[in-house]
Amino acid sequence: MLTAYRRNPSASQLPGPESLSKYMIMRADYIRGCREYSLERLERGDIQNAVASMMSDMKKIPNASSVMQNIDAIVAVASGDFDAARAYIEGFE
């Protein structure tokens, strides 16, 4: 697990390539699991909870989603647009 860093970390505090690589793999695995769970909910017709789950999970990752992505997802739920909701859920890397 990466530790928190001060605002201006010294070179010794920055993660090395191995740590960063592990973090990116863990991040990708986490997003994949969140995506699968949300898509399962969407397939059952639960658009509201599918999008809410993905949105909540992505808030746990720094810089994972933008405000505009979240607004688009909320509009998709409000209008019942399953295709837009799927695009939101599948749009995370």
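Above: the structure in question.
Remember, predicted model here, so these are calculated numbers, not experimental data.

Chemist: Report on the overall build of the chain, specifying residues and quantitative values.
Modeler: Looking only at helices and strands, one finds 4 helices and 0 strands in the chain. Listed by position from the N terminus, the elements making up the chain come as α-α-α-α. A burial count over the chain gives 27% of its 93 residues as buried.

Chemist: Give me the lowdown on the pattern of salt bridges, citing residues and values where you can.
Modeler: In this structure the tally under the stated criterion is 5 salt bridges. R41 serves as the salt-bridge partner of D46, at 3.2 Å between the closest nitrogen and oxygen. Assessed through its relative accessible area of 23%, D46 is described here as partly exposed. Via salt bridges that share partners, E43, R86 and E90 belong to a single interconnected network.

Chemist: Got a sec to walk through helix α4 (residues 82-90)? Specific residues and values, please.
Modeler: Owing to its 3.6 residues per turn, the α-helix brings residues three or four apart onto one side. Among the residues of α4, A85, Y88 and I89 are the ones counted as buried. End-on, the buried residues of α4 take up no more than an arc of 95 degrees, which puts them together on one face. Residue D81 occupies the N-cap position of α4, its side-chain oxygen lying 3.2 Å from the main-chain nitrogen of D83.

Chemist: Which residues make up unusual backbone geometry, and what values do they have?
Modeler: Its identity as a non-glycine residue notwithstanding, N63 has a phi of 60 degrees, on the positive side. Looking at the element boundaries, N63 is found in the loop between α2 (47-58) and α3 (67-79). Taking the relative accessible area as the measure of exposure, N63 reaches 77% and is therefore exposed.

Chemist: Just give me the short version of the environment of I47, but keep the residues and values in it.
Modeler: Along the chain, I47 falls in helix α2. When the C-alpha atoms of I47 and F82 are compared, they prove to be 6.8 Å apart, with 35 residues separating the residues in sequence. If we ignore the near neighbours within four places in the chain, the residues touching I47 are L42, A76, V77, G80, D81, F82 and A85.

Chemist: Please set out the environment of R27 residue by residue, giving values where relevant.
Modeler: Inspection of the secondary structure puts R27 in helix α1 (residues 17-43). A C-alpha to C-alpha distance of 9.0 Å links R27 and E93, two positions 66 residues apart in sequence.

Rules used in this analysis
Residues numbered from 1 in each chain as written. Predicted model: local features only at pLDDT ≥ 70, side-chain atom pairs only at ≥ 80, totals over all residues. Heavy atoms only, no water. Helix = DSSP H or I, 4+ residues; strand = E, 2+ residues; numbered from the N terminus. Buried < 20%, exposed > 50% of the residue type's maximum accessible area, 1.4 Å probe, protein only. Salt bridge = Lys/Arg side-chain N within 4 Å of Asp/Glu carboxyl O. Arc of directions from axis to C-beta. Polar contact = N/O pair within 3.5 Å; in protein donor to acceptor, adjacent residues only side chain to side chain. Contact = heavy atoms within 4.5 Å.

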